[in-house]
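Inside the fold
Residue strings, one per chain:
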Amino acid sequence: MRRSLRALADGREIWYFDDTATGERAAVDTRDLPPAANRSQIRRDPLTGEWVALAAHRQTRTYKPPAGLCPLCPSTPGRPTEIPESGYDVVVFENRFPSFAQNASAPSASGLVPAAPGIGRCEVVCFTDDHSMSFGELPVSRIRTVVDVWADRTTALGALPGVEQVFPFENRGDEIGVTLSHPHGQIYGYPFVTPRTDRMLRVAADYHAENGRHVMADVLAAERSAGTRVLVDSAHWTAFVPAAARWPVEVHLVPHRQVPDLPALTSDERDDFAEVYRTVLGMLDGLYDRELPYIAAWNQAPVRQDRELAWLHLAVFSVLRTADKVKYLAGSESGMGVWINDVTPEDLAVRLKTSRPSHRTVSGVSQ
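Note that the structure is predicted; figures quoted are calculated from it, not measured. (Residues numbered from 1 in each chain as written. Predicted model: local features only at pLDDT ≥ 70, side-chain atom pairs only at ≥ 80, totals over all residues. Heavy atoms only, no water.)

1. Some points on the overall build of the chain
Counting its secondary structure elements, the chain contains six helices and 18 strands. Relative to the compact-globule value of 21 Å for 367 residues, the chain shows a C-alpha radius of gyration of 21 Å, a close match. Projected onto its principal axes, the C-alpha positions of the chain cover 65 × 60 × 40 Å. Looking at the chain residue by residue over its 367 residues, the buried ones come to 50%. Partitioning the contacts of the chain with sequence separation of at least 6, the portion at a separation of at least 24 is 66%. A total of about 16700 Å² of accessible surface is found on the chain, and carbon and sulfur atoms cover 53% of it. For the chain, the distance from the average position of its 39 positive side-chain charges to the average position of its 46 negative side-chain charges is 3 Å. (Helix = DSSP H or I, 4+ residues; strand = E, 2+ residues; numbered from the N terminus. Rg over C-alpha atoms; globule rule 2.2 N^0.38 Å. Buried < 20%, exposed > 50% of the residue type's maximum accessible area, 1.4 Å probe, protein only. Contact = heavy atoms within 4.5 Å. Areas by Shrake-Rupley, 256 points an atom, 1.4 Å probe, with all protein chains shown as cover. Lys, Arg positive; Asp, Glu negative; His and termini not counted. Charge placed at Lys NZ, Arg CZ, Asp CG, Glu CD.)

This is the structure in structure tokens:
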């Protein structure tokens with residue numbers, strides 16, 4: 001994989017990650033853009049202790065442009081986009097409308113509601129220059145490249161001032177609220193440890209103190225032994241529907257070895273993940289015989305604390321409870337954080353195992 005660092009017209013960084021080591025990335029961003037400015041801030045809720053990000057400037061971000069005006073497609077003569085090149089493999093660039101940024105300049109405050117600038121980083125990851133493709137249609141070799149990119153950017157963002165946790169994720173589908181349909185994901189560098197991660201770390205610490213083992217190790221062993229909810233069990237990864245799934249469609253992909261984050265994965269583990277993940281995405285798209293809207297969320301260790309308690313895993317989940325019905329977060333979920341699932345995990349596992357995915361042919365080669 002070849003990395004090339006360039007700059008966009010407003011000074012934001014853009015990284016090209018090419019599958020092969022050939023070619024030079026030299027195209028210049030010709031747009032007339034003002035310098036990037038950011039007044040994101042974070043405030044701590046005194047009742048829950050959780051940090052909330054405020055980023056009012058994001059109200060003006062691009063919203064569902066037609067395919068011919070997609071800002072994530074390659075540039076063409078007379079139509080410059082966020083990617084100056086005429087084609088690319090994988091691209092990462094600083095988000096033009098970030099929730100967190102290194103130059104966040106909001107005022108700080110203390111007292112009952114502490115506030116601080118939203119120092120961090122938000123990046124966009126474009127998986128392919130093909131606007132009509134989806135992640136599950138990528139060849140395994142490209143998925144493997146994306147894994148390397150996630151690992152690369154996890155290391156880079158974790159080294160930035162103020163970043164406490166790195167979160168790669170993908171949102172897909174209108175029902176999820178995606179505003180750009182081009183196949184892409186994002187990476188957040190948070191200036192704090194997220195509430196979900198903090199809760200999982202506390203549970204892992206308590207479980208280890210009582211049982212002398214990691215809770216994920218026991219969950220993984222139990223799922224593999226029973227097999228009821230297991231979708232794929234490979235050399236290095238197991239994909240299963242969690243027994244206490246919150247979402248009507250939810251799958252966890254867990255490495256067999258405890259590692260804190262993506263950079264810690266070996267080459268063999270990354271190869272294996274690419275195969276397993278593509279299989280799982282095929283199952284998900286076969287569930288309702290349509291592209292399933294989903295969120296794919298990497299759970300990684302914080303940058304500086306409790307890394308020995310973390311166990312890297314990917315959670316993929318969808319709001320669709322039937323082919324045409326959405327699971328809305330209503331009173332119990334939104335008001336009290338108590339989830340009520342209309343689908344049993346065991347039934348979902350059976351349906352996913354028997355779904356029939358169909359991958360299209362790309363460039364004349366079956367993918």
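So much for the structure itself; the text now carries on.
2. Focus: the side chain of R278
Inspection of the secondary structure assignment puts R278 in helix α4 (residues 267-287). The buried charged residue R278 lacks any salt bridge, with E275 as its nearest oppositely charged partner at 7.2 Å. Here the side chain of R278 touches L138 through a polar contact of 2.6 Å, landing on its backbone oxygen. (Salt bridge = Lys/Arg side-chain N within 4 Å of Asp/Glu carboxyl O. Polar contact = N/O pair within 3.5 Å; in protein donor to acceptor, adjacent residues only side chain to side chain.)

3. Quick notes on the state of the cysteines
On inspection of all chains with the given rule, the structure shows zero disulfides. Looking at the unpaired C70, the closest cysteine sulfur is the one in C73, lying at 3.8 Å. Of all cysteine sulfurs, the one in C126 lies closest to C122, which takes part in no disulfide; the gap is 15 Å. (Disulfide = S-S within 2.5 Å.)

4. Focus on the sheet that holds strand β2 (residues 13-18)
With antiparallel pairing, the eleven strands of this open sheet are ordered in space as β1-β2-β5-β7-β9-β8-β13-β14-β12-β11-β10. A strand with exactly one partner marks an edge of an open sheet, and here the two such strands are β1 (2-7) and β10 (230-233). This sheet shows a mean twist of 15° between the axes of neighbouring strands, independent of strand direction. Summarising the sheet, strand β13 (residues 294-299) and strand β14 (residues 313-318) pair through five bridges and their orientation is antiparallel. When the sheet's bridge partners are listed, A297 is paired in β14 with A315. Here α4 sits on the sheet in contact with β8 (165-172), β10, β11 (237-240), β12 (249-255), β13 and β14, set at roughly 170° to β12. (Pairing = 2+ DSSP bridges. Axes fitted to C-alpha atoms, helices over the stretch in contact; angles between N-to-C directions.)

5. Points about the sheet that holds strand β4 (residues 51-54)
Strands sit in the order β4-β3-β6 across an open sheet of three strands; the sheet is antiparallel. Lying at the two open borders of the sheet, with one neighbouring strand each, are β4 and β6 (115-117). Each strand of the sheet is rotated relative to its neighbour by a mean of 25°, with strand direction disregarded. Alignment of strand β3 (residues 41-44) against β4, held across four bridges, turns out to be antiparallel. From the neighbouring strand, R44 faces β4, where its bridge partner is W51.

6. Describing the packing of α4 against helix α6 (residues 345-353)
Taken N-terminus to C-terminus, the directions of α4 and α6 make an angle of 100°; their axes are 8 Å apart at the nearest point. Regarding the angle of α4 to α6, the classification is roughly perpendicular. Contacts from M283, L284 and L287 in α4 reach L348, R351 and L352 in α6. (Parallel < 35°, antiparallel > 145°, perpendicular 65-115°, else oblique.)

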